[in-house]
Amino acid sequence: MPQDALLRLEAVSKCFPGGVVGLDSVDLDIEHGEFLSLLGPSGCGKTTNLRVMAGFETPTTGRVVLAGRDITSLRPFDRPVNTVFQDYALFPHMNVAENVGFGLSLRRVPAAEQKKQVAAALDMVGLGDKIRARVAELSGGQRQRVALARAIVCKPRILLLDEPLSALDAHLREYMQMELKRLQSSLGMTFVMVTHDQTEALSISDRIVVMNKGRIEQIASPAALYDRPATRFVAGFIGTMNLLDARFVGRDGALLRYLSGDLPLELSADANALATDGQMHTIGIRPEDLVANPQAGAATAPAKINSIVFHGRALRMHASTAGGAALVIDAPRQAMQPAFDVGDIVHVSQRPGASCVILAA
Amino acid sequence: MMAPGTAITFLLILFSLALVVFLAFRVNDGSLLGAGFTLGNFSNVIFDPLNWSVMLRSLAIAGCVTAATVITAFPVAYFLAFHAGRRRGLILFLVTLPFWTSYLLRVFAWKIVLAYNGVLNSALVGSGLLSEPTLAFLNTPTAVVVTLAHAYAPFAILPIYVALDTIPRSLIEAAADLGARPWTTFRRVILPNAMPGVMAAALVVFVPTVGDYVTPALVGGPSSTMIGSMIQAQFGKANDWPFGAALSAAVMLVILTVVLIVRTTDARFGSRA
Ligand SMILES: Nc1ncnc2c1ncn2[C@@H]1O[C@H](COP(=O)(O)OP(=O)(O)OP(=O)(O)O)[C@@H](O)[C@H]1O
Ligand SMILES: [Mg+2]
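Residues numbered from 1 in each chain as written. Chains lettered and ligands numbered in written order. Predicted model: local features only at pLDDT ≥ 70, side-chain atom pairs only at ≥ 80, totals over all residues. Heavy atoms only, no water.

Looking at an unreviewed UniProt entry, chain A carries the name ABC transporter ATP-binding protein, with the source organism given as Pseudaminobacter soli.

Structure below.
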């Protein structure tokens, strides 16, 4: 076989004592040099997945394969993989240089070479001047970067990061996201990052693995995940999406036509060509792809506005249709002529040219 | 709310300390507080070589007790912190169980174990390892060390256990993650971070054992007379309270010196706190 995946999880399951399922038959290929995020709600198994890769948890069933070699039973200290821990786990009895040099000293790197690499790693994360500092003297963001330097100085095949930015304030977090991305591409290293922050995952990942209840829901690029979520769960988790039950009413050339209550919806056929008349599907459509019209038209459905929320460039309207379905509609603010009010009846239609997606359960 | 209690305790300790120092400078005339002032008691302490040899023996025995206690307590504390799982509570309870019986009773128990016709001798003779009982167990410094080490074991186990238990588990995982095998992790991460607990355990054992006189009297025999026995004799049979007070003050100074030396070296090696 030509280019193998760098790390492959094959049907990995992890059951904890007491019957809690941490991972449920996870298949995952991690490619060379990519920035992969594991995204999902609390308790979905992200950390467990990362710990299986690092070797802290042994899968109950399944295999972990690194560059073609089965490493399922390899202990953490024998794996060419390093972790940045959520609490940083810096050694409090060592200074910054000793922390960063810890891995090198175990690899019998000559002292002079160690010093050089430690200094280089600290320069890379912008802490060259803190080399003699004690861990207790560092701020949260600085500890984070020492932890990063300590891991990358070992030149791991894969760097694992468990919610590395969750303890930082919003401003620093955004800065560190860009730093992480910059480091990753300049080192050409493979990063696997756990996060429960979808914005973070969407902004820095090459691919995102969305997990739910120990299973993988979808693996896709940020854009594909946003535009074409595969399941109800992903659609509900990434951004805001209207989930509508709709009946297939026919095909019109390249378009599939659906009807959700009175609201006609259409999507391009290549998205899902298998549909039979009368079949029910869940359709996902983004708030910005719905239009609230003051007058009824050919392809509109009436809905009553329940609330209007200021949302920056848009006004977000929550409305309900005659059939009782809840709709979220984003209207660009300058286009709100005439202005709608809570209690008004508007006529909702799909924005011309906008598509929507069929979602699996 | 705590202030009055603290003040009373503090005053009582200060009062008794001051009394000892005061007595140490008095001339012994048989009366309760002596008469007149002198430095003679201290010159007696310093210039009698017997005091030096007994003091050194006390330090040596206390040092052995401390080493034996800490070394045997560490594995117990380690097991409690890392491997006891759900039985942790039960084992902690068992560790403190000896406190439920009197200290004297536990010393006598060791007498029964170590005596000529005691448990150990009977077992050795019964199993054919010895042809006849030996006198080599009881009334030796070793008997003192064994008895004291046993008595102080819980005092050593608890601080070491707390130190080990409060080491974040992610530190141990981080060490493994960076390539450290279990022994290296122990040596370079667990042990340095447990040192404050080990030091606390050592002090808690060392300080009271230096001045102990009950145990040497009961299981030590003549070859293990400790400084505490001599002080006790001055306040008892010899009825020379000022000299006893001077001895006590000297012992306190020696212990203080040892503690200070240990603490500075400990700080040099950079413990956590
Ligand atoms: N050592 C363990 N023993 C028992 N159950 C565990 C253990 N570790 C994790 N679990 C369980 O496995 C499930 C997945 O946990 P995991 O830590 O992987 O979640 P997570 O996605 O990282 O969540 P979070 O975002 O809250 O960190 C949870 O239900 C958790 O309670
Ligand atoms: Mg987690």
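Caption draft 1: Structural context of the packing of aromatic side chains. Going through the model one piece at a time under the given rule, you end up with 15 aromatic pairs over all chains. Judged by centre distance (5.6 Å) and plane angle (50°), the ring pair of F35 of chain A and F191 of chain A falls under tilted. Of this pair, F35 of chain A sits in strand 3 (residues 35-39) while F191 of chain A sits in strand 8 (residues 190-195), and the two are 156 residues apart along the sequence. On the basis of relative accessibility, which here comes to 0%, the residue F191 of chain A falls in the buried class. Taking 5.8 Å as the distance between ring centres and 90° as the angle between the ring planes, the aromatic pair formed by F93 of chain B and W100 of chain B counts as edge-to-face. Residue W100 of chain B is classed as exposed on the basis of its relative accessible area, which comes to 64%. Through a chain of ring-to-ring contacts, three or more aromatic side chains come together here, namely F74, Y78, F82, W183 and F186 of chain B. (Phe/Tyr/Trp six-rings, centres within 6.5 Å; stacked < 30°, edge-to-face > 60°. Helix = DSSP H or I, 4+ residues; strand = E, 2+ residues; numbered from the N terminus. Buried < 20%, exposed > 50% of the residue type's maximum accessible area, 1.4 Å probe, protein only.)

Caption draft 2: Just the pairing of strand 14 (residues 280-285) of chain A, in detail. Residues and elements named next belong to chain A. Counting buried positions along strand 14 yields 5 of 6 residues, so the element is predominantly enclosed. Where strand 11 (residues 242-252) and strand 14 come together, 6 bridges link them in antiparallel fashion. Counted as the bridge partner of R247 is M280 from strand 14. Looking at chain direction, strand 14 and strand 20 (residues 357-359) are connected through 3 bridges and run antiparallel. The partner of G284 across the bridge, within strand 20, is V357. (Pairing = 2+ DSSP bridges.)

Caption draft 3: Inspection of a nonpolar patch on the surface at higher detail. All names here are of chain B. Side chains of L90, F93, L94, L97, F99, W100, F155 and V204 sit close together on the surface and give an oily, nonpolar patch of about 770 Å² of accessible area. Among the elements that make up the nonpolar patch, the one with the highest residue count is helix 4 (residues 88-96) (3 residues). Tracing the backbone shows F155 in helix 7 (residues 141-165). What makes F155 partly exposed here is its relative accessible area of 37%. (Patch = residues over 30% accessible without salt bridge, like charges linked within 9 Å, V, L, I, M, F, W, Y side chains within 5 Å. Areas by Shrake-Rupley, 256 points an atom, 1.4 Å probe, with all protein chains shown as cover. Salt bridge = Lys/Arg side-chain N within 4 Å of Asp/Glu carboxyl O.)

Caption draft 4: Focus on the sheet that holds strand 2 (residues 21-30) of chain A. Residues and elements named next belong to chain A. An order of 2-1-4-5 is seen for the 4 strands of this open sheet, with the pairing classed as antiparallel. Edge strands, defined here as strands with exactly one partner in the open sheet, are strand 2 and strand 5 (69-70). Pairing geometry for strand 1 (residues 7-15) and strand 4 (residues 61-66), over 5 bridges, is antiparallel. Note on strand 4: the bridge partner recorded for L9 is V64. Packed onto the sheet, helix 1 (residues 46-54) meets strand 1, strand 2 and strand 4 and runs at close to 60° relative to strand 2. (Contact = heavy atoms within 4.5 Å. Axes fitted to C-alpha atoms, helices over the stretch in contact; angles between N-to-C directions.)

Caption draft 5: Quick look at the sheet that holds strand 12 (residues 255-260) of chain A. Residues and elements named next belong to chain A. In spatial order, the strands read 13-12-11-14-20; together these 5 strands make up an open sheet with antiparallel pairing. At either margin of the open sheet sits one strand with a lone partner, and together these are strand 13 (263-268) and strand 20. Recorded for the sheet is a direction-independent mean angle of 50° between the axes of neighbouring strands. In terms of strand pairing, strand 12 meets strand 13 through 6 bridges, oriented antiparallel. Across the sheet, R257 pairs through a bridge with E266, a residue of strand 13.

Caption draft 6: Spotlight on the site of ligand 1. Residues and elements named next belong to chain A. Looking at ligand 1, the residues that line it are F16, V20, G22, P41, S42, G43, C44, G45, K46, T47, T48 and E163. G43 places a polar main-chain atom, nitrogen or oxygen, 2.7 Å from an oxygen atom of ligand 1. Across the complex, the protein chains shield 61% of the 630 Å² of accessible surface that ligand 1 would expose by itself. A per-element tally of the shell around ligand 1 places helix 1 first, with 3 residues. In terms of residue class, the shell around ligand 1 is built from 4 nonpolar, 6 polar and 2 charged. (Near = heavy atom within 4 Å. Polar contact = N/O pair within 3.5 Å; in protein donor to acceptor, adjacent residues only side chain to side chain. Nonpolar A, V, L, I, M, F, W, Y, C, P; charged D, E, K, R; others polar.)

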